[in-house]
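# Topology and contacts: notes
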Amino acid sequence: MPPPGPGEYRGRIEDPPLLRGTAQFVDDIRLPGMLHAAFVRSPLGHAAIRAVDAAAARALAGVHAVLTRADLRPHLLSEFLAVGLPSPSYKQEVDRPALAGDDVAHVGEPVAIVVAESRYLAEDAAALVEVDYEELPAVADCRAALKPGAPRVHRNGPHNLVAEFDMGYGDVAAAFAGAAHVFHESIWQHRGGSHSIECRGDVAVYDPLEDRLTLWSSTQAPHAAMRALGAMLGRDENRLRVVTPDVGGGFGPKLVFYPEDVATSVAALILRRPVKWIEDRREHFTATTQERDQFWEVEIAVDGAGRILGLRGALIHDHGAYTARGVNVPYGAAQTVTLPYVVPAYRLEVKLALTNKVPVTPVRGAGQPQGAFVMERLLDRVARELGIDRAELRRRNLVPPERMPYATPLKTRGGIPVVLDSGDYPKCQLAVLDRAQWDSFPARQNAARAKGRYIGIGLANFVEGTGRGPFEPVTVRIGPSGKIHVYSGAAAMGQSTKTMLADLVAEQLGGDRANVTVTTGDSAAISLGIGGFNSRQAVMAGSSAHVAALKVREKALMVAGHLLEAAAEDLEIAGAEIRVKGAPTMRISLAQIAIALAGAPGFMLPGGAAPGLEATEHFVVDAMTYANGTAVAEVEIDIETGAVAIKRFVMAHDCGRALDRTIVDGQIIGGVAHGIGNALYEWMGFDDNCQPVTATFAEYLLITAPEMPQIELVHQESPTPLNPLGVKGVGESGVIPAAAAIVSAIEDALAPFGAHIAQTPIRPAEILALIEAGRRRHADSL
Amino acid sequence: MGETRKIIVTVNGTRHEAEVEVRYLLADFLRHQLGLTGTHLGCEHGVCGACTILFDGRSARSCLMLAVQANGHEILTVEGIAPGPDKMHPLQEAFRDNHGLQCGFCTPGMLTTLIEFLRDNPDPTEQEVRVAISGNLCRCTGYQGIVAAALDAAKRLQAAKRG
Amino acid sequence: MKPPPFRYHDPQTLGEIVGLLGTLENAKLLAGGQSLMPMLNMRFVLPDHVIDLNRVEGLSYIRESGGALEIGAMTRQRDLEFSDLVASRCPLMHEAIQQIGHRQTRNRGTMGGSLCHLDPSAELVSVAAALDATVTVTGRAGERRIEFAEFPRAYMTPAIEADEVVTSLRLPLWPKGHGWAFVEFARRHGDFAIVSAAALIEEDENGKIRRASLTLGGIGPAPVRVREVEQALVGQTAAAELFGTACEACRKLDAMADVQAPASYRQHLAAVLSRRALEAAHARVQGRG
């Protein structure tokens, strides 16, 4: 059975155990003798630790250990998680310790690990650990952090600037000097946490027979975790394995390697018992990385027709207390701003500030939603000031298709040129405007206003970098059973990776999904791997799978041809066998070919073939492939309460070749839901002492089914020349334009009040304030 | 070990006798003492719905119940939905065919919630389905595939009744 | 997030409950669990004893008696939701109940539990205030009745003694043909209301208001009966302008501030929702000429 075509969705290989409740997530792992961990965590934003008294905790029945930094020390080559991606822009190194030692720098920072017979007992014991904190001033605002005289986020640190860089090209000064119009915007953007429904978790198991530590971890990057853990423990890759069970969502923060991963592992080594730590939701709010605040001051210079001459500004980004990943969120934001449009000159000065909060690392979109939001707000401003239709203004500035591939002067964080490889942006915008009936909206809006209803429409374009390189390996191996085994460094967290790989391989080798097994997320199954993030796995692992499968196919057909005495082009692979087209009795099974290529002592391999029926491919692409799209949102505002209802959301989208339309759509819709959350609901609040004030699901609002509009999707396919599949990534696309389109629509709905919005999220009380301000201005002008 | 009680609970049609600590959550009892790990914990404060089971036929958050409270009662978990190891319930098939799940972590709670809902509302509107699952959070799908699956399941169940 | 250790008691009779409450220190009653269990899981409360009420017979009923609805404290919210008696005789409660949480919440949550938890925006608490309910409690000294206006002692603290348990709620019913409405503003379906307004209205055949009840939830620690507005309405002819003008008084009420909303926003919502509730209640009045 061939892989599904459009409209032929038939489920995924991941589905049956998930539907039956027999899948194995990390907390489902049960091992003999397993113990349970809980962490003692800082209740303060910044403090010195004077003493830790664990005597009462250790004395509690059922408690096996309470380990502090000092207890971990003899088992660690390094006590710090040096996991930051390289960058020349760092001003200081602030790596997280495996456990806090002399200081804590954010609420939730782990101070000690308690290991007991049950999680219940571990929590009882954790409450008995007495930590003598000397509270220190905490820095809550990333702008205040950079002002002279600000308290230091780390008391022994030099200042709070952790990194800074400029991005840009062209003669910005000249562009602005000669511009017909210049407009300035101050924009605040806040994004919150991941809140995958499954929190983090580890099960660490030490096997003395093989002297091997296995860490089952709900991670998006098992190979990176293995390398980081190995470096800290001084354990080589032969004696260490990191493997992912089923993972209940990742969205970015699970790609990070954490102190808890280290502490759990060392506990298992010390106690010689399996140790399980499952993060609970309260921990997720303060100990798992998240995105947070960015403050942008930006200006756009345009000519009389609204064509962009230049863009410049400054960004201050809240980095949190430590470096858990790098400068990539603000870098990605800065790099994204201009992409859909022709911008002759650009300059952004970016500063990353420390704060006494949990570190910031990518959450679905990874800075790109923020970059897109800034550009789209500026364009709406230009359109309004110049009296040009917002879509028309964009059309005048979009990179036209005839300029593809469009080499921008920008470089990715790895120094790779940003070249927009394919896409027809104006056609994409036109397609969504058509579907959303953009042109007829003003009439509908006027009719609604006459009835006292306030509706609005907004749009946003985006171009996103996908397929972060350099590779993701795949091995395709047919064993003596005739089963096709696929191994990859890819890591799955719900985005249908296994089905994607199985279908790509099955397409070349017999077309039967049931004959393919896929193993992902296991550092012992394949020696190299990078992991799941940056919308990369279809591009990277998919390409490797495709090429490897082709190689295995070619070899199998050659050997089969030799053994059947037929020409390879007269053969076809169907199910688990190869047969002569039109003469189905002339056949040989894949199993037989695999056995033949395993060799028999003293006998030559058939057809002069090399041994084995397998291929490993590390398809290398350094350049990212750029997907694009346009979103249109329609909203209705209840002007008496400020409530926003999204009445319609239409998105045109181009991810190159769509491997499976249903899965692609599911990724986009999920991303849009997250974007709606960013626009209207999700705010991770802290007070001035860096205490979280939204630390439950009652206070931090994830959208539920009634708040979600039905999403309409329009598809476009501009295959990329960068990989044999022509595929681009899609996992983050939905979230990137969503907030921009929604805010544009809200502003449009509230145009009679002169409302101007330059923030996300925006809440009903704030919308009401805009309406009241508009009314006052109107009254004053009478 | 703290204070314990003996309980008798019927889970997915099977009678279990067990001794449990009185503070042990029902969700933990099902998952770790009975080994039925299909019921998931996502928040432990009664919002996400991943722990939803049917308690005497009515959906309930098992993270907000004590195991001792289940004494003498009947529970249905996700493991009890399929009629057999080789067959799936029409609701599960509808989820599969409509891409109603991605990571699958919220799925058990969605399924039990919808089993009750479709039993009591065999011919729902889309809006009614959305309200029915408003107590179940999903971070992957944006709910659209889940709603489509629920509406499809309603049709399949009606057809099965007629056929 | 696992509960702390406690001793567990599951009494079978009301007498046993009272006996336990009278002798145990630092005890918490477990009814539907929708409020207590999250607090236990987060260790916001550390009781030495948990007294589970779910085995006690005779505390779950809905009946009409002497012009009032009598509801047992352990009546599940779900049973109130699907009760024909409630729908026909107390439509305000019927409308309010559907806005409490979600199906799973209402399957377990109880009338008594919600009353005693006294969350400032709890729908059932507002309904009790709107209808001038009477709460019956039983303790060592026997049974006593508390007028609902006296029931909230302080923020989330009912005026009951340590040895007392709420056994029932009595809701005097409004006459057939009265108008009712329960409107609330929440960020998501089923969320706690930021502000709610419960309106009851009785009019004569000419639309003159004989009686009005207006209750605001979520604005203060306990539901607020806005007597000023009620009095401004009685004797007047029901009309949108009347409601709008009268409800402006709600802006002056003291209002709470929290992460969900500043005080000024709550005051604004109070004026808007009370007006909307009165308009909706008026539209439902039957028997006008």
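Everything numeric in this text was worked out from a predicted model, so none of it was measured.

### What to know about helix H17 (residues 590-598) of chain A
All names here are of chain A.
- Among all positions in H17, only Leu-590, Ala-591, Ile-593, Ala-594 and Leu-597 are buried. An end-on view of H17 places all buried positions within 165° of arc, on one side of the element.
- If you follow the buried residues of H17, they end up packed against strand S21 (474-478), strand S22 (484-488), helix H16 (537-564), strand S24 (571-574), strand S25 (577-580) and strand S26 (583-589).
- Positive phi shows up at Gly-599, right after H17, with a value of about 85°.

### Some points on the environment of A:Arg41
All names here are of chain A.
- Within the secondary structure layout, Arg-41 lies in strand S1 (residues 35-41).
- Between the alpha carbons of Arg-41 and Leu-99 there is a distance of 9.6 Å; along the sequence they are 58 residues apart.
- Contact partners of Arg-41, with chain neighbours within four places excluded, come to Gly-108, Glu-109, Pro-110, Val-111, Tyr-133, Glu-260, Trp-277, Glu-283 and Ala-287.
- Within polar-contact distance, the side chain of Arg-41 engages the side chain of Glu-260 at 2.8 Å.
- Polar contacts involving the side chain of Arg-41 include one to the side chain of Glu-283, which spans 2.7 Å.

### Digging into the sheet that holds strand S23 (residues 516-520) of chain A
Residue and element names in this part refer to chain A.
- Taking strand neighbours across the sheet as the criterion, the four strands line up as S23-S22-S21-S27 in an open arrangement whose pairing is mixed. Every other strand in the sheet has two partners, leaving S23 and strand S27 (614-617) as the edge strands with one partner each. For this sheet the average axis-to-axis angle between neighbouring strands, irrespective of direction, equals 10°.
- Against the sheet, H16 contacts S21, S22 and S27, and its axis sits at roughly 30° relative to S21.

### Concerning the sheet that holds strand S1 (residues 4-11) of chain B
All names here are of chain B.
- Pairing is mixed across the open sheet formed by five strands, whose spatial order is S2-S1-S5-S3-S4. Whereas interior strands pair on both sides, the edge strands pair on one side only; in this sheet they are strand S2 (14-21) and strand S4 (58-61). Sheet twist, expressed as the average angle between the axes of neighbouring strands with direction ignored, equals 40°.
- Along the sheet, helix H3 (residues 107-120) contacts strand S3 (52-55), S4 and strand S5 (74-76); its crossing angle with S3, the most-contacted strand, is approximately 35°.

### Considerations on the interface of chain C and chain B
- Every contact between the two is made by 30 residues of chain C and, on the other side, 31 residues of chain B.
- At the boundary of chain C with chain B, total buried surface from both sides reaches about 2,600 Å², with 48% on carbon and sulfur atoms.
- Considering only the side of chain C, the residues that lose the most area to chain B are C:Tyr8, C:Gln104 and C:Arg108, jointly responsible for 25% of the buried surface there.
- Remark: the boundary between chain C and chain B carries six salt bridges.
- Here C:Lys2 ties to B:Glu44 by a salt bridge, and the two come within 2.7 Å at their closest N and O atoms.
- In this assembly, chain C and chain B are joined by 19 residue pairs in polar contact (both at pLDDT 80 or more).

### As for the domain arrangement of chain C
Residue and element names in this part refer to chain C.
- One can read the domain layout of chain C as domain 1 (7-52), domain 2 (62-172) and domain 3 (179-284).
- Computed over C-alpha atoms only, the centres of domain 1 and domain 2 are separated by 19 Å.
- Contacts between the two partners involve eleven residues from domain 1, matched on the other side by 17 residues from domain 2.
- For the pairing of domain 1 and domain 2, the buried interface totals around 1,000 Å² over both sides, and the portion due to carbon and sulfur atoms is 72%.
- Inspection of the region where domain 1 meets domain 2 yields one residue pair in polar contact (both at pLDDT 80 or more).
- The greatest single-element share of the side of domain 1 that touches domain 2, amounting to five residues, is contributed by helix H1 (residues 14-23).
- For the side of domain 1 that touches domain 2, the residue count by class is seven nonpolar, four polar and no charged.

What counts as what
Residues numbered from 1 in each chain as written. Chains lettered and ligands numbered in written order. Predicted model: local features only at pLDDT ≥ 70, side-chain atom pairs only at ≥ 80, totals over all residues. Heavy atoms only, no water. Buried < 20%, exposed > 50% of the residue type's maximum accessible area, 1.4 Å probe, protein only. Helix = DSSP H or I, 4+ residues; strand = E, 2+ residues; numbered from the N terminus. Arc of directions from axis to C-beta. Contact = heavy atoms within 4.5 Å. Polar contact = N/O pair within 3.5 Å; in protein donor to acceptor, adjacent residues only side chain to side chain. Pairing = 2+ DSSP bridges. Axes fitted to C-alpha atoms, helices over the stretch in contact; angles between N-to-C directions. Buried area = accessible area lost by both parts, 1.4 Å probe. Salt bridge = Lys/Arg side-chain N within 4 Å of Asp/Glu carboxyl O. Domains from an automatic or database assignment. Nonpolar A, V, L, I, M, F, W, Y, C, P; charged D, E, K, R; others polar.

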